[in-house]
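In case you want the letters, here they are:
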Amino acid sequence: MATLCGAIQNGREWLEDFRRRTYPDAFRDYGARFGPAYRDAIREAGEDPAALKALAEEIMEGLEAAIKRRRFWDRGAALADEKQMAAVYLSPMLLELEGADGKGFSLLFRDAWTARRPKDSYGIAPFAQIQGGFRNTFMGISLERERQEKKDWL
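Calculation rules
Residues numbered from 1 in each chain as written. Predicted model: local features only at pLDDT ≥ 70, side-chain atom pairs only at ≥ 80, totals over all residues. Heavy atoms only, no water. Core = buried A, V, L, I, M, F, W, Y, C linked by side-chain atoms within 4.5 Å. Buried < 20%, exposed > 50% of the residue type's maximum accessible area, 1.4 Å probe, protein only. Helix = DSSP H or I, 4+ residues; strand = E, 2+ residues; numbered from the N terminus. Phe/Tyr/Trp six-rings, centres within 6.5 Å; stacked < 30°, edge-to-face > 60°. Contact = heavy atoms within 4.5 Å. Salt bridge = Lys/Arg side-chain N within 4 Å of Asp/Glu carboxyl O.

A.B. asks: Please give an account of the nonpolar core that cites residues and values.
C.D. replies: Proteins that are soluble and globular tend to have nonpolar side chains buried together. Core analysis: the biggest nonpolar cluster contains 41 residues, and Tyr30, Tyr38, Ile59, Tyr89, Phe105 and Phe109 have the highest contact counts within it. Within the residue set of this core, elements represented by two or more residues are helix 1 (2–6), helix 2 (12–16), helix 3 (23–45), helix 4 (49–69), helix 5 (75–95), helix 6 (102–116) and helix 7 (127–132). Of the residues forming this core, the biggest block, 9 residues, is contributed by helix 3.

A.B. asks: Which residues make up unusual backbone geometry, and what values do they have?
C.D. replies: Within the chain, Asn10 stands out as a residue other than glycine whose phi angle is a positive 50°. Looking at where Asn10 falls in the secondary structure, it is placed in the loop between helix 1 and helix 2.

A.B. asks: I'd like a description of the packing of aromatic side chains, backed by residues and values.
C.D. replies: With the rule as written, the count across this model stands at 15 aromatic pairs. On the numbers, 4.9 Å between centres and 50° between planes, the contact of Tyr30 with Phe34 is tilted. Here Tyr30 and its partner Phe34 are both found in helix 3, 4 residues apart, which amounts to about one turn of the helix. For the pair formed by Tyr30 and Phe34, the shared burial category is buried.

A.B. asks: Give a detailed account of the environment of Lys83, specifying residues and quantitative values.
C.D. replies: Structurally, Lys83 can be placed in helix 5. What makes Lys83 partly exposed here is its relative accessible area of 23%. Distance from Lys83 to Arg110, taken between C-alpha atoms, is 10.0 Å for residues 27 residues apart in sequence. Among all residues touching Lys83, those that are not within four sequence positions of it are Trp113, Asp120, Ser121 and Tyr122.

A.B. asks: Residues and numbers for the pattern of salt bridges, please.
C.D. replies: One pass over the structure, following the stated rule, counts 9 salt bridges. Taking the shortest distance from any N to any O, the salt bridge between Asp120 and Lys83 comes out at 2.8 Å. One end of the pair, Asp120, is in the loop between helix 6 and helix 7; the other, Lys83, is in helix 5, and 37 residues separate them in sequence. Of the residues examined, Asp120 reaches a relative accessible area of 25% and is grouped as partly exposed. A salt bridge links Asp111 to Arg110; its shortest N-O distance comes to 3.5 Å. Each of Glu57, Glu61 and Arg116 takes part in salt bridges that share partners, so that together they form one network.

Take a look at the structure:
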């Protein structure tokens, strides 16, 4: 369980690489590091929706316990980092998992997150959509002619 929670907690190194040029490599490394653990956990839970929901709740319990151990003035920043990790690294990785129902689990995890933090929910998007969302700018000036917005969020 520590590995599953660790994929969301302490994400400072991953969030620093959440930039247009470094995100693809960071995402690949993140998937190589945490993907097998999530694939095994989802396979172990089987196709039973109740078992998958229990796994999502167990991960949320671990996250909540770690947040409660933090100093109260540091909790808001930690929650924001965890939300960003869940949205831009964990969920896209789960959508790409092979041999397991990653998409179904990502939806269950998002629902467990929203149930505990209703005012702080997040959307799920595939890696390609997130990567395509980075703007190509120079000194704050957009270098793109026209952007076409796609909203394929789950």
